[in-house]
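The lines below spell out each chain.
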Amino acid sequence: MTQHADTLLFNAQIATVQPDTKGYGLIDNGWLAVNAGKIVALGQGSVTDIKAQTSVDLRGQLLTPGLIDCHTHLVFGGDRANEFEQRLEGLSYEAIAKAGGGIKSTVKATREASFERLLQLAQLRLQRLINDGVTSVEIKSGYGLDIATERKILQVAEHLKSDYPVTIQRTYLGAHALPPEFANSSDDYIGFVCETAMPQLAGEGLIDAVDVFCEGIGFSPQQCEQVYQTAQSLGLPIKAHAEQLSDLGGAKLAAQYQALSVDHLEYLNTDDVASLKHSGTVAVLLPGAFYFLREQQLPPIDALRQHGVPMAIASDLNPGSSPINSLLTIMNMACVLFRLTPAEVLRGVTQHAAMALGLEHKGVIAVGKDADLCVWDVEHPAQIIAGMNQHSPQQVWIRGERVISK
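Residues numbered from 1 in each chain as written. Predicted model: local features only at pLDDT ≥ 70, side-chain atom pairs only at ≥ 80, totals over all residues. Heavy atoms only, no water.

- The name an unreviewed UniProt entry gives the chain is Imidazolonepropionase, with Alteromonas arenosi as the organism.
- Heading Subcellular location (unreviewed entry) of the UniProt record for the chain holds this comment: "Cytoplasm". (UniProt positions renumbered as here; feature names shortened; annotations may be inferred.)

Printed below as a string of structure tokens:
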């Protein structure tokens, strides 16, 4: 029986990265059909039973799922190049933060920036990611720490959804740092987050998930647990910045609340890795921050592999600890710094990144999934990652619509 479709892509090498396949899940001389934004058929060799309105010969090029950046702080004001200099002069990230720099300096700049200015800056950053092949992105708040500015950040993220075809997930990161209004009163601030800010912003439909910074210069596990409990009561999934600078057990705690992901993890205790597997929580590795802060402690990659914990890779795009506006650059760093294989990295920015955001219909090439796709003029997937920024996608498709064509 002939199947009708909007678009047929054929004569491609397809990296499906499906969960039940090894490596890249490659299909040589493959084809796929798209209808109403979904992949409706997938095969190999000649196509005989598909009637499509549009057919595209990919001439043997590589087809992958669209890339997913599952951890960014894309909306912010100001610049922290001065802190870059300070770190090179010997100051630590913690020392700068305690002196009023770090997140607090960005909070000040973001509060002072207009909605229009934040939107303009965010548009530039988002377009750079799209040019890399990113079709879905998470945007965190956390640079306002009051209701008005957190709302402004989340509204900018919402506005981007209307301006760009990419899927955008909005994460409320109220528990990011202590604002000046609550100096030396972290318990009171967590009370404000849980009792006032989060319920109000969630009620306005601006939150898709909730995140915390569980760290010595952030918030204690007990305080983070209060945030989790409030998020659960509001029906919101949780995420966590955990074990970046020290081991507070934040990842294990988040896993107890079935967190979508725990991110950073340089100081994750190997004894806590099993809890991530049991809860289905994704480990999001952020080599950009590791590189930029010149960290020495590697995440427990081998333990995560041995327990079969999904490992995602993300840019952590932010003004201070990872001012890197390229997921392709980050993918190379994940191989070089963390010794991940190119196949692990490609899964990390597709299949596993989708899991980290709860995007069940994205991240792999399979029937029933969204037709978010990238076309690369390479002979093998490893070339995308090995040649740092030497290869960009020739075509980007989002939900079956071509948004980039070179």
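Resuming the write-up.
## Details of the side chain of Thr106
Point 1. Turning to its location among the elements, Thr106 is positioned in helix α3 (residues 103-112).
Point 2. Overall, the relative accessible area of 2% leaves Thr106 in the buried class.
Point 3. In this view, Thr106 contacts Phe76, Gly77, Arg80, Tyr143 and Pro319; residues no more than four positions away in its chain are not counted. (Helix = DSSP H or I, 4+ residues; strand = E, 2+ residues; numbered from the N terminus. Buried < 20%, exposed > 50% of the residue type's maximum accessible area, 1.4 Å probe, protein only. Contact = heavy atoms within 4.5 Å.)

## Section: the packing of aromatic side chains
Point 1. Applying the stated criterion across every chain yields a total of eight aromatic pairs.
Point 2. Each residue in the set Phe182, Tyr189, Phe192 and Phe219 is aromatic and connected to the rest through ring pairs, giving one cluster. (Phe/Tyr/Trp six-rings, centres within 6.5 Å; stacked < 30°, edge-to-face > 60°.)

## Here's the deal with the packing of helix α6 (residues 186-203) against helix α7 (residues 221-233)
Point 1. Contact geometry for α6 and α7: axes closest at 10 Å, N-to-C directions at 10 degrees. Compared by their axis directions, α6 and α7 come out roughly parallel. For the pair α6 and α7, the contacting residues are Ser186, Asp187, Ile190, Val193, Cys194 and Met198 in the first and Gln223, Gln226, Val227, Thr230 and Ala231 in the second.
Point 2. For the contact of α6 with α7, a count of residues per class yields six nonpolar, four polar and one charged. (Axes fitted to C-alpha atoms, helices over the stretch in contact; angles between N-to-C directions. Parallel < 35°, antiparallel > 145°, perpendicular 65-115°, else oblique. Nonpolar A, V, L, I, M, F, W, Y, C, P; charged D, E, K, R; others polar.)

## Structural notes on the pairing of strand β2 (residues 26-35)
Point 1. Strand direction decides the pairing type here: strand β1 (residues 3-15) and β2, joined by six bridges, are antiparallel. Within the sheet, the bridge partner assigned to Thr7 lies in β2 and is Val34.
Point 2. Here β2 pairs with strand β3 (residues 38-44) via six bridges, running antiparallel. The residue of β3 that forms the bridge with Ala33 is Ala41.
Point 3. Taken together, β2 and the strand that follows it, β3, pair antiparallel across an intervening segment of two residues, in which Ala36 is found at a positive phi of about 50 degrees. (Pairing = 2+ DSSP bridges.)

## Quick notes on unusual backbone geometry
Point 1. Notably, Val17 is not glycine yet its phi reads approximately 40 degrees, a positive angle.
Point 2. Along the chain, Val17 falls in the loop between β1 and β2.
Point 3. Take Val17: its relative accessible area is 1%, and that puts it in the buried class.
Point 4. Residues other than glycine seldom take positive phi values, yet Ala36 does so here, at roughly 50 degrees.
Point 5. Structurally, the position occupied by Ala36 is in the loop between β2 and β3.

## Quick look at the pattern of salt bridges
Point 1. A complete count under the given rule lists 15 salt bridges for this structure.
Point 2. A salt bridge links Lys108 to Glu112; its shortest N-O distance comes to 2.8 Å. On the criterion of helical spacing, the pair formed by Lys108 and Glu112 is a turn pair, its members being four residues apart in helix α3.
Point 3. What makes Lys108 exposed here is its relative accessible area of 52%.
Point 4. Asp208 is paired through a salt bridge with Arg170; the nearest N and O atoms lie 3.1 Å apart. (Salt bridge = Lys/Arg side-chain N within 4 Å of Asp/Glu carboxyl O.)

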